[in-house]
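Observations on chain architecture
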Amino acid sequence: MSTINYSDKIPNNVNLSEDRTLQRALEQWQPNYLQWWGDMGPDGSQNFDVYLRTAVSVDPQGWAQFGHVKMPDYRWGIFLNPAEQDRKIHFGDHKGEAAWQDVPGEYRANLRRIIVTQGDTEPASVEQQRHLGLTAPSQYDLRNLFQVNVEEGRHLWAMVYLLHKYFGRDGREEGEALLERRSGQENNPRILQAFNEQTPDWLSFFMFTYFTDRDGKFQLCALAESSFDPLARTTKFMLTEEAHHMFVGESGISRVISRTCAAMNELKTDDVTKLRAAGVIDLPTLQRYLNFHFSVTIDLFGADESSNAATFYNTGLKGRFEEGKRNDDHMLKGQTYKVLAVQNGQLVEREVPMLNALNEVLRDDYIKDSIGGVERWNKVIEKAGIPFRLKTPHKAFHRNIGSLSGAKVSPEGRVVSDAEWKANVDNWLPSGADRAFVASLMGRVVEPGMFANWIAPPVMGINRQPVDFEYVRFN
Ligand SMILES: [Fe+2]
Ligand SMILES: [Fe+2]
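Below, the structure is looked at part by part.

About the cut-offs
- Residues numbered from 1 in each chain as written.
- Chains lettered and ligands numbered in written order.
- Predicted model: local features only at pLDDT ≥ 70, side-chain atom pairs only at ≥ 80, totals over all residues.
- Heavy atoms only, no water.
- Pairing = 2+ DSSP bridges.
- Helix = DSSP H or I, 4+ residues; strand = E, 2+ residues; numbered from the N terminus.
- Contact = heavy atoms within 4.5 Å.
- Axes fitted to C-alpha atoms, helices over the stretch in contact; angles between N-to-C directions.
- 1 Å grid on protein atoms, 1.4 Å probe; cavity = no way out; pocket = protein on both sides within 12 Å on 5 of 7 lines; lining within 4 Å.
- Points joined across faces, edges and corners; volume = space filled by probe spheres on them.
- Nonpolar A, V, L, I, M, F, W, Y, C, P; charged D, E, K, R; others polar.
- Buried < 20%, exposed > 50% of the residue type's maximum accessible area, 1.4 Å probe, protein only.
- Phe/Tyr/Trp six-rings, centres within 6.5 Å; stacked < 30°, edge-to-face > 60°.
- Lys NZ or Arg CZ within 6 Å of the ring centre and 35° of its normal.

Moving on, we come to the sheet that holds strand β1 (residues 49-54). If you walk across this open sheet you meet the three strands as β2-β1-β5, and the pairing is antiparallel. Edge strands, defined here as strands with exactly one partner in the open sheet, are β2 (65-70) and β5 (472-473). In terms of strand pairing, β1 meets β2 through six bridges, oriented antiparallel. Across the sheet, residue Arg 53 finds its bridge partner in β2, namely Phe 66. Here helix α4 (residues 139-166) sits on the sheet in contact with β1, β2 and β5, set at roughly 50° to β1.

Written as C-alpha cells, this is what we have:
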C-alpha cells in the first residue's frame, strides 16, 4: 500500500513510480530522514517560509525553481544527469569497455564504501551548521544558509538512492546508518574528521563553504568520471548545486573583507584593537581562519600515498579531476609523482608511483583551484588601497593525515621546532581569543535589507530579487 505519490512528493527523473522495490525502501527511509531533519536540521526553523531553489528536473528551466517553502516540506528530489549513449570507461584497467549500468560483484564493497563516505559528509555539514540560523547577519544570508542545508539534504538523498537501488539490503542498512551517525559525537561520529569539527560562527561558515564545499566539488568531479554510470550521472548533477555553496563562501568572505577595509579607511588605521572596537573582523584574524580551514580541508583528500587510491583508479571506480581532458594514457603505470616528507628537519620531495599518489594529485588540483578565489579577495583589499594580502598556507602546514601528519611547519613552509610552533601558533591559527571575538559579533539581524555591522551587503539579491526582499518569513 503506497501512501506517497512519488512523482509529486519526490521530483525525480529515475522513474521512481515504476520501481516497487525502490519505492518501498524509500518509503521506509523517508520518515526517518524527516525525523533526522527535525532533530538535526536548522535549529528553530521548522515553521519559516524560506525563498528556496528547488530542482524539479535537470534541464536549465527545471533545476532552479524559486519560491517560499517550509523546509520540512522541501521536495528533496532524485536526479541523474541524462545518460551519455554508449558511454565507455575511459581510464584504468577497464579502459575502452562499456560503462557499468550495474555494480560489478568484485567492486561492490569498494563502491559502497565510496558512496557511503561521500553520503556521510552531506548530513554532517547540516549538523555542523544547525545553530547558525540563530545568529544570521541578514535575511539574505539566512536564506543562503538554508539553501545550502536543504541541498546537502538532497545530496544525502542522491547517495541513499544509489545505495537503495544498487546495493540491496546492505545498501538499506547503510542508508539507516547515515541518519544515525552525528557530527562531533564521540561514540558514533561522522566518518571524516573535518566533518566532526564545529562550525561555530558565520566566518567559519563562509570559510567552510569556500574551502570544504570545494573539497566536495573535487570529490564529486572525481566520481563523475566513474565507470559506474549511475554514480557518474548522479554526481554530475550534484555539482551544479555545489557551485552555489562555494559562491556563498567566496562572496561571504569578500563582503567581510569589504566591510573591514571600509572601516580601516574610515578610521585610517590597521590597529587590530581599534578595528575590533569598531566591530569589524581584522584581516590578520581572517588569515588565521583561512589557515585553519584550508589545512583541515586538504587533509580530506587522504594520505599522500595510498594503495586504496591506486585500486580505486585501476578498477575504474574514481578518476582524476577532469580525467577526460588530460592527455596521457589514463593508465598511469610506471609514472611517478612528487610528494612531500620531513627529513632531518627539512621538507623534501620524494618521487612515488603516481597511482599511489592520486590523493596528492587531487589535493594539488584542489589547491590550484582554491587559490583563485583568494586572489579575488585580494583584489578587494587592493582596490581599497590597503597593503595586506591573504595567502593560502603551505600544504605542509598543520596537517593531520599522511606523511606530514603532525609535522611542525610554518605557513611559509619552514619546518619549525616545538618551541617555535608553540610561540607562534596563535599567530597562525585562530586563538581562543580570536574565536571569542568573532563569536561576540554574532547577533541576529532579521529586518529585510538590514545587515550586521561586520559584513557588507551583497551586490545583488538571489534570483534577481532585491537585496531587501523578504527571503525568510518567520511566521
Ligand atoms: Fe553536498
Ligand atoms: Fe555543498
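One pass over the full model with this rule turns up two cavities of 30 Å³ or more. Approximately 120 Å³ is the volume found for the largest cavity. Lining the largest cavity, in full, are Ala 309, Phe 312, Tyr 313, Lys 318, Gly 319, Arg 320, Phe 321, Leu 358, Asn 359, Val 361 and Leu 362. The element contributing the most residues to the lining of the largest cavity is helix α11 (residues 358-383), with four residues. Counted as a void, the second largest cavity has a volume near 70 Å³. What lines the second largest cavity is Gln 128, Ala 194, Glu 197, Gln 198, Thr 199, Phe 208, Thr 212, Phe 292, His 293, Val 296 and Thr 297. Broken down by secondary-structure element, the contributors of at least two residues to the lining of the second largest cavity are α6 (202-223) and α9 (283-298). Here the lining of the second largest cavity takes four residues from α9, the largest share from any one element. Of the residues assigned to the lining of the second largest cavity, the class counts are four nonpolar, six polar and one charged.

Before going further, it helps to examine unusual backbone geometry. Here His 398, not a glycine, exhibits a phi torsion of approximately 55°, which is positive. Here His 398 lies in the loop between α11 and α12 (418-428). One non-glycine residue, Asn 475, lies in the positive phi region at around 55°. Inspection of the secondary structure assignment puts Asn 475 in the segment after β5. What makes Asn 475 exposed here is its relative accessible area of 62%.

This next bit is on the packing of aromatic side chains. Summed over all chains, the structure comprises 33 aromatic pairs. Here the aromatic rings of Phe 91 and Tyr 313 are separated by 4.9 Å at their centres, their planes lie at 35°, and the arrangement is tilted. One end of the pair, Phe 91, is in the loop between β2 and α3 (108-128); the other, Tyr 313, is in helix α10 (residues 307-314), and 222 residues separate them in sequence. Following the ring pairs from residue to residue traces out a cluster consisting of Trp 29, Tyr 33, Trp 36, Trp 37, Tyr 74, Trp 76 and Trp 157. In this arrangement the basic side chain of Arg 214 is found over the ring face of Tyr 210, its NZ or CZ atom lying 4.2 Å from the centre. The ring of Phe 292 has Arg 435 sitting right over it, with the charged end atom 5.0 Å from the ring centre.

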